[in-house]
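# Architecture at a glance
Letter by letter, the chains look like this.
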Amino acid sequence: MSEVLVVIDHADGEVKKPTYELLTIARRLGEPSAVFFGSPDQGDAVAEKVKKYGAEKVYVVDDAQIKGYLVAPKAEALQQLAEKSSAAGGLAAILLPSTFENKEVAGRLAIKLGSGLITDAVDVAEGGVTTQSVFAGNYTVQAKVTQGTPIITVKPNSAAPEEAAGAGAVEAFTATVSDAAKTAQIVATQPRQATGRPELTEAAIVVSGGRGTGGNFESVEGFADSLGAAVGASRAAVDSGWMPHAFQVGQTGKTVSPQLYVANGISGAIQHRAGMQTSKTIVAVNKDPEAPIFELVDFGVVGDLHTVLPAATDKVKERKG
């Protein structure tokens, strides 16, 4: 069976949920092998986690020459690993979590391998047929790479992680990074402020607020915390200075695809829909019964979010006991 390379999404060796989703998808296409960019001394611990989701091999790529530079060294390392895999027994696909960095890496990798590229897939079926939401979320299309090894970036929450025993054999891989790939160096980083909430693009539940909050996100955040959810915001809320841009959901912000999306005081402009309408279940709370968001939702509540959300929060806490 041909190998499928899955790039591990992690923070200091702590494997993130999108990795397990990709390993689940990879089993539809071939034999999953995980690729870990990080410190070699973390390799065994990472392998223990990913082998539970079907990873037969775990390639550990020492990131000493990679982490200080932008995207190009990682693309070169993946190219070399892909060529090794192709020569050994065939390579069915390369899957990456759909982050800004990984999409840039995937684009460079596609050029290096002469392969087709599909980004922001929300599903990958047997045979490599992908599903995407395009044109601001107005259309759903299916596509398939017809040249070279399929390179696909997949959005978080596109599959339910399913456990499957894999060997998890650790194999060190040393990449040769060219001087040309080291021309764009990272000189400073801004640590993300810890909130204790899930990362917005990875969260299974997202609770967002818009203009209707009037700048008071207290009830939105309270409801999100009761559900263990991430907090999002519309462009109107961000432009008004109520929330940082990192929280913005929409065409000019982040795209999310959670199991549950709760829109509060958000009118439902097409730009916002583009960032959330692939959510599995959508709930809206809005005082305006004619708000466009109600055309999209599975459940709608006509009411003041500052009244509805505290009551909902109390019910959630009551059920949790």
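Let me sum up the structure you'll find in this document. Since this is a predicted model, take the numbers as computed values, not measurements.

Moving on: unusual backbone geometry. For residues besides glycine, phi is generally negative; the peptide bonds are generally trans as well. Even without being a glycine, Asp12 presents a positive backbone phi close to 50°. Locating Asp12 in the fold gives a position in the loop between strand E2 (10–11) and strand E3 (14–15). The phi torsion at Asn157 lies on the positive side, around 65°, for a residue other than glycine. Assignment of secondary structure puts Asn157 in the loop between strand E10 (151–154) and strand E11 (169–173). With a relative accessible area of 2%, Asn157 lands in the buried category.

Moving on, we get to empty space enclosed by the protein. Within the structure shown, the criterion is met by one cavity of 30 Å³ or more. By volume, the largest cavity amounts to about 30 Å³. Considering the residues around the largest cavity, the lining is formed by Pro18, Glu21, Leu22, Ile25, Val154, Lys155, Pro156 and Ser158. Broken down by element, the residue count for the lining of the largest cavity peaks at four residues, all from helix H1 (residues 17–26). Considering only residue class, the lining of the largest cavity consists of five nonpolar, one polar and two charged.

Next up on the list: the packing of helix H5 (residues 218–227) against helix H8 (residues 305–320). Relative orientation of the contacting elements H5 and H8 amounts to 20°, with a least axis distance of 9 Å. Overall, the two elements H5 and H8 adopt an arrangement that is roughly parallel. Crossing of H5 against H8: the hand is left-handed. For the pair H5 and H8, the contacting residues are Ser219, Val220, Gly222, Phe223, Ser226 and Leu227 in the first and Leu305, His306, Leu309, Pro310, Ala312, Thr313, Val316, Lys317 and Lys320 in the second. Residue classes in the contact of H5 with H8 are distributed as eight nonpolar, five polar and two charged.

We now examine the sheet that holds strand E13 (residues 230–233). In spatial order, the strands read E13-E12-E14-E15-E16; together these five strands make up an open sheet with parallel pairing. Every other strand in the sheet has two partners, leaving E13 and strand E16 (299–302) as the edge strands with one partner each. When strand polarity is set aside, the average angle formed by the axes of neighbouring strands in this sheet is 15°. Where strand E12 (residues 205–209) and strand E14 (residues 260–264) come together, five bridges link them in parallel fashion. Bridging from a neighbouring strand, Gly209 pairs with Asn264 of E14. Strand contacts of H5: E12, E13 and E14, with the helix running at about 175° to E12, the strand carrying the most contacts.

Conventions we followed
- Residues numbered from 1 in each chain as written.
- Predicted model: local features only at pLDDT ≥ 70, side-chain atom pairs only at ≥ 80, totals over all residues.
- Heavy atoms only, no water.
- Helix = DSSP H or I, 4+ residues; strand = E, 2+ residues; numbered from the N terminus.
- Buried < 20%, exposed > 50% of the residue type's maximum accessible area, 1.4 Å probe, protein only.
- 1 Å grid on protein atoms, 1.4 Å probe; cavity = no way out; pocket = protein on both sides within 12 Å on 5 of 7 lines; lining within 4 Å.
- Points joined across faces, edges and corners; volume = space filled by probe spheres on them.
- Nonpolar A, V, L, I, M, F, W, Y, C, P; charged D, E, K, R; others polar.
- Axes fitted to C-alpha atoms, helices over the stretch in contact; angles between N-to-C directions.
- Parallel < 35°, antiparallel > 145°, perpendicular 65-115°, else oblique.
- Left-handed = near helix turned anticlockwise from the far one by under 90°.
- Contact = heavy atoms within 4.5 Å.
- Pairing = 2+ DSSP bridges.

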